[in-house]
Amino acid sequence: MDPVVAFGGDALFLHAQPWDVVFDALWVSHSEFWLVAGDGPGADIVSAIPEGDSVKGNGEAVGIPAQGSASRIAVVLSVWEDPAPDGRGTLLGTSRITASTRELSLVNVEGKEPGPVLVLPDEGEHEVRVWRCPAGQASDPERYDIRVWPCPRVDEGARPEN
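Note that residues are indexed from 1 along each chain, following the sequence as it is written. Given that the model is predicted, a residue must reach a pLDDT of at least 70 before its local features are reported, and side-chain atom pairs must reach 80 or more before they are shown or counted; all residues, however, enter totals for whole chains, interfaces and linings. Only hydrogens and water are set aside when side-chain values are computed; all heavy atoms of the structure are taken into account.

## Structural notes on the pattern of salt bridges
Worth spelling out the cut-off: When a carboxyl oxygen of Asp or Glu is within 4 Å of a side-chain nitrogen of Lys or Arg, the pair counts as a salt bridge. To qualify as a helix, a DSSP run of H or I must reach at least 4 residues; to qualify as a strand, a run of E must reach at least 2; elements of each kind are numbered from the N terminus. Any residue under 20% of the maximum accessible area for its type is buried, any over 50% is exposed, and the rest in between are partly exposed; the area is computed with a 1.4 Å probe on protein chains only.
On inspection of all chains with the given rule, the structure shows six salt bridges. Glu 125 is paired through a salt bridge with Arg 96; the nearest N and O atoms lie 3.4 Å apart. One end of the pair, Glu 125, is in strand β9 (residues 124-133); the other, Arg 96, is in strand β6 (residues 90-99), with 29 residues separating them in the sequence. Between Glu 127 and Arg 96 there is a salt bridge whose closest N-O contact spans 2.7 Å. Taken as a pair, Glu 127 in strand β9 and Arg 96 in strand β6 lie far apart in primary sequence, 31 residues in all. Given the relative accessible area of 13%, Glu 127 is considered buried. Relative accessible area serves as the criterion here: at 37%, Arg 96 is assigned to the partly exposed category.

Here it is in structure tokens:
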């Protein structure tokens, strides 16, 4: 599925371009899906079940709430070298995920539809910010914009001043 078609021709990245981007469409059957470290199955998604209309992370997975209890969704997942610019729509929150293999993927609750793998420039801890995008038409799937970038590295030799 082409992201330009699913996102109604919206210009997703107006002022800057991500390092890489992948697109997915998947079935959500329990009002939630996950961004997980690695290539999908095996991540601890149970302790990252979203609460209300906010994302929830546990370090290896970020739970993302969907509006429909059983529906198809469209997702654009992008990685940025610096903090990503804001997306459009409703901000569902920010979390962190640690990708020891430089890979992130999307999974549904059953794990039957692992999404594409987004390969990151570097391994380690990354910020994750998620927006639910406005619907183009009532018949369109729910749309999500997930942006990921490396957390700032703390210089081990630097000490905070008191």
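## Considerations on the sheet that holds β9
What links the strands of a sheet is backbone hydrogen bonding, and the strands pair in either a parallel or an antiparallel sense. To keep it simple, the criterion reads: Paired strands, in this sense, are two strands between which DSSP finds at least two bridges. Axis definition: a line fitted to C-alpha atoms, limited for helices to the stretch in contact. Angles are taken between N-to-C directions and run from 0 to 180 degrees.
On the basis of which strands lie adjacent, the open sheet formed by five strands has the order β1-β5-β10-β9-β6 and mixed pairing. Strands with a single pairing partner mark the edges of an open sheet, and in this sheet they are β1 (20-28) and β6. Looking at each pair of strands side by side, their axes are set apart by 20 degrees on average, direction ignored.

## Points about the nonpolar core
Using the following cut-off: The set of buried Ala, Val, Leu, Ile, Met, Phe, Trp, Tyr and Cys residues whose side-chain atoms join them within 4.5 Å is what this entry labels a nonpolar core. Any two residues whose heavy atoms approach within 4.5 Å at even a single point are treated as in contact.
Counting residues in each nonpolar core, the largest one holds 26 residues, and the members touching the most others are Phe 33, Leu 35, Ile 64, Tyr 144 and Ile 146. Those elements giving two or more residues to this core turn out to be β1, β2 (32-37), β4 (61-65), β5 (71-79), β6, β7 (103-108), β9 and β10 (142-150). The element that contributes the greatest number of residues to this core is β5, accounting for four residues. Not counting residues within four places of it along the chain, the set of residues in contact with Ile 64 comprises Ser 31, Glu 32, Phe 33, Leu 35, Pro 50, Val 55, Leu 92, Val 130, Tyr 144 and Ile 146.

## With respect to the packing of aromatic side chains
Condition: The pairing test for Phe, Tyr and Trp rings, Trp by its six-membered ring, is centres within 6.5 Å, and the orientation test on the planes gives stacked under 30 degrees, edge-to-face over 60, and tilted for anything in between. Consider the ring centre and the ring normal. A charge sits over the ring if Lys NZ or Arg CZ is within 6 Å of that centre and within 35 degrees of that normal.
The tally for this structure, following the rule as stated, stands at two aromatic pairs. Ring centres of Phe 13 and Trp 80 lie 5.5 Å apart, and the angle between their planes is 75 degrees; on these two criteria the pair is classed as edge-to-face. In this pair, Phe 13 is assigned in the loop between α1 (3-6) and β1 and Trp 80 in the loop between β5 and β6, connecting sequence segments 67 residues apart. Residue Trp 80 is classed as buried on the basis of its relative accessible area, which comes to 4%. Ring geometry for Phe 33 against Tyr 144: centres 5.2 Å apart, planes inclined by 70 degrees, an arrangement best described as edge-to-face. One end of the pair, Phe 33, is in strand β2; the other, Tyr 144, is in strand β10, and 111 residues separate them in sequence. The class for Tyr 144 is buried, based on a relative accessible area of 0%. The ring centre of Trp 131 lies 5.6 Å from the NZ or CZ of Arg 147, which sits over that ring.

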